[in-house]
Each structure stands twice: as C-alpha cells, then as structure tokens.
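# Tertiary structure, described
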Amino acid sequence: MNEFTYAEIEIGYSASFTRHITECMEHSFREITGDENPLHRDDDFARSVSQSYKRHVSFGLLTASLYSTLAGMYLPGKYSLIHSFENIKFLRPVYAGEELTVNGTVQEKNDALNLIVVKASIRNQDREIVSSAKIKIIVLA
C-alpha cells in the first residue's frame, strides 16, 4: 500500500495493477448486491440478448470497484478518501477469466481541498479499454 501525502503527489504521477476476474468474484458480488439479472449469470440468456456476447457478462460495477483499489492502495493509497466519480463509462463487456489492468494518472491538484483528480482506465488482456472514469480523491495527509 502506498502512503503518498498530498504534498508528495505531483501532476503526472501514475500507478497501475492487474487483476483477474473470476466467477467466484461474480458470485460474491451477486451475493452482496442481490443483483440476480440473468445477463450476469446465464450464458444462454446473454447470447440471446446480443450476438456480441460470448457468455454471461461480469457486473460493470464489479469492474468499476477496481477504481477503489486504485485509489485506496496505489494513488494515493493509505490517505485516500474518494470524493466522487465523473464520467464512468463501460465500453466493452468483461467476462470471468479475463485479466484487467487498471491505470490512473494524476491530472489535477486542488490545494484548497487537498484533492487530486485521477484520470483512470481499465483495459482487458487485449489492451482494449473496457472502462474509463475521472476520480476525485481527497488526500487526508
């Protein structure tokens, strides 16, 4: 876990990490949220909805939850308090078994609020962007 203080962070700082999406993660997310939509659990249903779907699609917010890991563990890490998300986009479906790489770069700093703005994206193993967002993070130290 990084422990960047606000004073240590500079515009242009970046961080990234990789995570595999598993069916176990999908199951846990389903149990936590209560979202039983068949698009997220039934391969035949997903394919019937769209020929572009290979099988059931992982939850978009499961994918987006990795933005929390980016802020809470990497940029800035320990002193992170997510203020808000802007422009979260889900650009491609994600499937269990895929490897996702999350990347974030500090775009702005607001000295009055000890707030950083991180431009973030998530790419699959084929380097295709599956999600993007702008994250506003208060740095508590």
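Look above for the structure.
Quick summary incoming for the structure in this document. (Residues numbered from 1 in each chain as written. Predicted model: local features only at pLDDT ≥ 70, side-chain atom pairs only at ≥ 80, totals over all residues. Heavy atoms only, no water.)

Before going further, it helps to examine the sheet that holds strand β1 (residues 14–20). Ordered in space as β1-β3-β4-β5-β2, the five strands form an open sheet in which the pairing is antiparallel. Lying at the two open borders of the sheet, with one neighbouring strand each, are β1 and β2 (80–90). When strand polarity is set aside, the average angle formed by the axes of neighbouring strands in this sheet is 20°. Pairing of β1 with strand β3 (residues 99–110), which is carried by seven bridges, proceeds in the antiparallel orientation. Across the sheet, Ser14 pairs through a bridge with Thr105, a residue of β3. (Pairing = 2+ DSSP bridges. Helix = DSSP H or I, 4+ residues; strand = E, 2+ residues; numbered from the N terminus. Axes fitted to C-alpha atoms, helices over the stretch in contact; angles between N-to-C directions.)

In terms of nonpolar packing, the biggest core is built from 27 residues, with Tyr67, Leu70, Ile116 and Val118 touching the most fellow members. Only β1, α3 (60–64), α4 (66–74), β3, β4 (115–123) and β5 (129–139) provide two or more residues apiece to this core. Looking at which element gives the most residues to this core, the answer is β5, with five residues. Setting aside residues no more than four positions away along its own chain, Leu70 makes contact with Ala15, Phe17, Leu75, Val102, Asn103, Gly104, Val118, Ala120 and Ile135. (Core = buried A, V, L, I, M, F, W, Y, C linked by side-chain atoms within 4.5 Å. Buried < 20%, exposed > 50% of the residue type's maximum accessible area, 1.4 Å probe, protein only. Contact = heavy atoms within 4.5 Å.)

So, on to the side chain of Ser58. By secondary structure assignment, the location of Ser58 is in the loop between α2 (43–49) and α3. Classification of Ser58 as buried rests on a relative accessible area of 4%. When neighbours within four sequence positions are excluded, Ser58 is seen to be in contact with Ile21, Glu26, His40, Val94, Tyr95 and Ala96.

What follows deals with the side chain of Ser121. With respect to the element layout, Ser121 can be found in strand β4. Overall, the relative accessible area of 16% leaves Ser121 in the buried class. With sequence-adjacent residues up to four places away left out, Ser121 is seen in contact with Tyr67, Thr101, Val102, Asn103, Ser131 and Ser132.

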